[in-house]
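# Chain and residue survey
Below, each chain spelled out in residue letters.
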Amino acid sequence: MSKVRTRFAPSPTGYMHIGNLRTALYEYLIAKSAGGDFVLRIEDTDQERYVEGALDVVFNTLKATGIKFDEGPGVGGDYGPYIQSERRDIYKKYALELVEKGHAYYCFCTKERLESLKSDSTELGTGFNYDRHCRDLSKEEIQKNLDAGIPYVIRQKMPVDGTTTFTDAVYGDITVENKTLDDQVLLKSDGLPTYNFANVVDDHLMKITHVVRGNEYLSSTPKYNNLYNAFGWEIPTYVHCAPIMKDAHNKLSKRNGDASFMDLIEKGYIPEAILNYIALLGWSPRGNEEFYTLPELEKAFDIDGISKSPAIFDIEKLKRMNAEYLRRMTPEEFYKVALPYIDKALGGADFSEDVKLRIAGLIQPRTELLTDIEDKISFFAKLPEYSTELYCHKKMKTDTVNSLTSLNIVLEALTNGNGANIDWTSASLYEFFCGLASENELKNSQILWPIRTALSGKDVSPGGATELAEILGKDESIKRIKVGIELLKA
RNA sequence: GGCUCCUUGGUCAAGAGGCUAAGACGCCGCCCUCUCACGGCGGAAACAGGGGUUCGAUUCCCCUAGGAGUCACCA
């Protein structure tokens, strides 16, 4: 059996959507799980759709996810060029070969004629198929038209009777009647091939063994097979994938304003989580494990696990997975990815590396998206204005009155009492505050909650009273407790 | 409309004739707890409908319904 080769063949539209990325991932995994090659090919045969900088989007996304291509633009390979617009002459040659063999023909029909055929067919409510007007032109007529410089396309000559059956690795055998097959255009009048043609020619020439693509191509696959057969080429294994949906009725798409890979990164998701999540959208592993690194996916992936029905993209599950990825990082890894967000949250405030490391430790289990960080920790740099309502907490049995009492007790103990020289760490502060509570016949929470509130100025904080105190340091903590006392007095 | 495909909890999904129909996200409850989160435990929640085949169908066949794709000199 020949070496497995797959290809990712995006057209450069400047937007790498999630569905595309998943297709690339599956192609990559199919190749790598079999020790094969993964090829990147750019399908830019439609010059009108070309977008400046689109290639970079493709490159950057693949790079960010770790999906490396073995051949393609920039890295080369034995089957280049890998950009279709640079392969123009190749297609023409093969198109002519097909004409020669009697499987394709010149068509001189004008756009106007085709338009009117089309409008007729919509009126009748039937589908549009080219009426094969030019299918049986004589050699002389063709030559005359060519000599006269009349623009032409080359069309594929479909069989008229019988059926065509093809096998898809996901959907199984699919049979269609040949009479439903259109004599599709292979070579456009601008000399460039259609996708339908370029795709087949390139996949063959590049020795692609597994064609992975969206199932919107399912219905045109019989035409491709007729093309392979006309050339006498080996038909690849087809792997058609159901789409990723935004909801029950709409695909995820740029048009709907849905997030691209890069959008998700900007929203604070990390590439590993995104990749892991989309691998599971439309594919299911053998066991119950859901977390896979790319190398693990290479081992676990199999075509049998690909599902036939569309999958709705669930941002909640992605979020959860992202959170889990962040938690599973070592503290050092987390610190590294979180640092830009931490620095942003802390503004210009002067915090040592050590303190930032400890802040990271506090937020690591509490962060779902990296973009959550700023809001969670900005109070470290600047105490927000807050309402004394925050001191009232039913479960903690606190209100503004006993909170004031508690804060005064704490302030006194910390400045003049036996807490004045306390070792300023979370553990010893915790012990000390609990001691204060029992001395004054208070619940721990009646001491700790007011402190936590005074230190953070927030209803929730990434850590309790003593954890916040340790990070803020003694001076700042006392300062904030005083602010709290003033607020409660007023 | 023709053709093709799809249909298990709200979502992702396992299942490949006999199971109390997995697991995960989300949701609810309890526990843990210096708030929140994390973690632990538990719960509610599904085979689109109807016919067959079979001793027995989520699983095989047919029909219906619903949904999707396609019917371009776009990919």
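What counts and what doesn't
Residues numbered from 1 in each chain as written. Chains lettered and ligands numbered in written order. Predicted model: local features only at pLDDT ≥ 70, side-chain atom pairs only at ≥ 80, totals over all residues. Heavy atoms only, no water. Helix = DSSP H or I, 4+ residues; strand = E, 2+ residues; numbered from the N terminus. Areas by Shrake-Rupley, 256 points an atom, 1.4 Å probe, with all protein chains shown as cover. Lys, Arg positive; Asp, Glu negative; His and termini not counted. Charge placed at Lys NZ, Arg CZ, Asp CG, Glu CD. Core = buried A, V, L, I, M, F, W, Y, C linked by side-chain atoms within 4.5 Å. Buried < 20%, exposed > 50% of the residue type's maximum accessible area, 1.4 Å probe, protein only. Contact = heavy atoms within 4.5 Å. Axes fitted to C-alpha atoms, helices over the stretch in contact; angles between N-to-C directions. Parallel < 35°, antiparallel > 145°, perpendicular 65-115°, else oblique. Left-handed = near helix turned anticlockwise from the far one by under 90°. Nonpolar A, V, L, I, M, F, W, Y, C, P; charged D, E, K, R; others polar. Near = heavy atom within 4 Å. Polar contact = N/O pair within 3.5 Å; in protein donor to acceptor, adjacent residues only side chain to side chain. pLDDT = per-residue confidence, 0-100. Salt bridge = Lys/Arg side-chain N within 4 Å of Asp/Glu carboxyl O. Arc of directions from axis to C-beta. Phe/Tyr/Trp six-rings, centres within 6.5 Å; stacked < 30°, edge-to-face > 60°. Lys NZ or Arg CZ within 6 Å of the ring centre and 35° of its normal.

Here we take up the overall build of chain A. Counting secondary structure elements, chain A contains 19 helices and 11 strands. Summing over all exposed atoms, chain A offers an accessible surface of approximately 23900 Å²; the carbon and sulfur share of this is 50%. Taking the average location of the 59 positive side-chain charges in chain A and that of its 73 negative ones, the two points are 1 Å from each other.

Attention now moves to the nonpolar core. Generally speaking, soluble globular proteins have nonpolar side chains that are buried together. By size, the foremost hydrophobic cluster in this structure holds 103 residues, and its most contacted members are Phe313, Phe380 and Phe433. Top contributing element to this core by residue count: helix α1 (residues 18–33), with nine residues. Discounting chain neighbours no more than four positions away, the residues touching Phe380 are Leu346, Phe351, Ile359, Leu362, Leu468, Ile471, Leu472 and Arg480. The next biggest cluster of nonpolar side chains, apart from the first, holds 29 residues, and it includes Tyr106, Ile142, Val200 and Leu227.

With that settled, the discussion passes to the packing of helix α15 (residues 400–415) against helix α16 (residues 426–439). Contact pair α15 / α16: the axes reach a minimum separation of 11 Å and the direction vectors enclose 125°. Our classification of the angle between α15 and α16 gives oblique. Here α15 and α16 pass one another in a crossing that is right-handed. Facing Ile409, Val410, Ala413 and Leu414 of α15, the residues of α16 in contact are Phe432, Phe433 and Leu436. Considered class by class, the residues forming the contact of α15 with α16 number seven nonpolar, no polar and no charged.

With respect to the secondary-structure elements, Thr221 resides in helix α7 (residues 221–231). Every residue in contact with Thr221, bar those within four places of it in the chain, is listed here: Phe166, Arg213, Tyr238 and His240.

Okay, the protein's contact with RNA strand B next. Surrounding RNA strand B, one finds 65 residues, the nearest of these being Thr45, Lys188, Arg366, Tyr430 and Gly463. Those atoms of RNA strand B that come within 4 Å of the protein belong to sugar or phosphate at a rate of 69%. Contacts to RNA strand B include Glu290, whose side-chain N or O atom sits 2.6 Å from a sugar or linking oxygen. Contacts to RNA strand B include Gly463, whose backbone N or O atom sits 2.6 Å from a base oxygen.

The next point concerns the confidence of the model for chain A. Here chain A averages 93 in pLDDT, and 98% of its residues register 70 or above. With a pTM of 0.93, the predicted complex shows an ipTM of 0.95.

Within the secondary structure layout, Thr415 lies in helix α15. Given the relative accessible area of 34%, Thr415 is considered partly exposed. Between the C-alpha atoms of Thr415 and Gln364, which are 51 residues apart in sequence, the distance is 33 Å. Excluding its chain neighbours within four sequence positions, the residues that come into contact with Thr415 are Ala420 and Ile478. Side-chain polar atoms of Thr415 contact the backbone oxygen of Leu411, separated by 2.6 Å.

Inspection of every chain in the model, using the stated rule, returns 29 salt bridges. One salt bridge connects Glu476 with Lys479, and the closest N-O pair in it is separated by 3.6 Å. Here Glu476 pairs with Lys479, and both are found in helix α19 (residues 474–489), just three residues apart, close to one helical turn. Salt bridges here are not isolated pairs; linked through shared partners, they connect Arg7, Arg41, Glu43, Arg87, Asp202 and Asp203.

Along helix α13 (residues 353–363), the residues classified as buried are Val355, Lys356, Ile359, Ala360, Leu362 and Ile363. For α13, the angular spread of the buried residues around the axis is 160°, confining them to a single face. Those residues of α13 that are buried lie in contact with α12 (331–346), α14 (373–381) and α18 (465–472).

Below, the discussion takes up the packing of aromatic side chains. Within the structure shown, the criterion is met by 20 aromatic pairs. A ring pair is formed by Tyr28 and Phe38, whose centres lie 5.7 Å apart and whose planes are at 90°; its orientation type is edge-to-face. Placement of the pair is Tyr28 in helix α1 and Phe38 in strand β2 (residues 37–40), with a sequence separation of 10 residues. Taken individually, Tyr28 and Phe38 each receive the classification buried, so the pair is uniform in this respect. A centroid spacing of 5.7 Å and a plane angle of 45° characterise the contact between Phe291 and Tyr325, whose relative ring orientation is tilted. Within this pair, whereas Phe291 is found in the loop between α9 (271–280) and α10 (294–300), its partner Tyr325 is found in helix α11 (residues 315–328), the two being separated by 34 residues in sequence. Of the two residues examined, Phe291 and Tyr325, each falls in the buried class. Here a set of aromatic residues connected by ring pairs shows up, and it is made of Tyr26, Trp283, Tyr292 and Phe301. One residue, Arg155, lies across the ring of Tyr130, its end atom 3.7 Å from the ring centre. If you follow Arg328 out to its NZ or CZ, it ends over the ring of Phe291, 4.1 Å from the centre.

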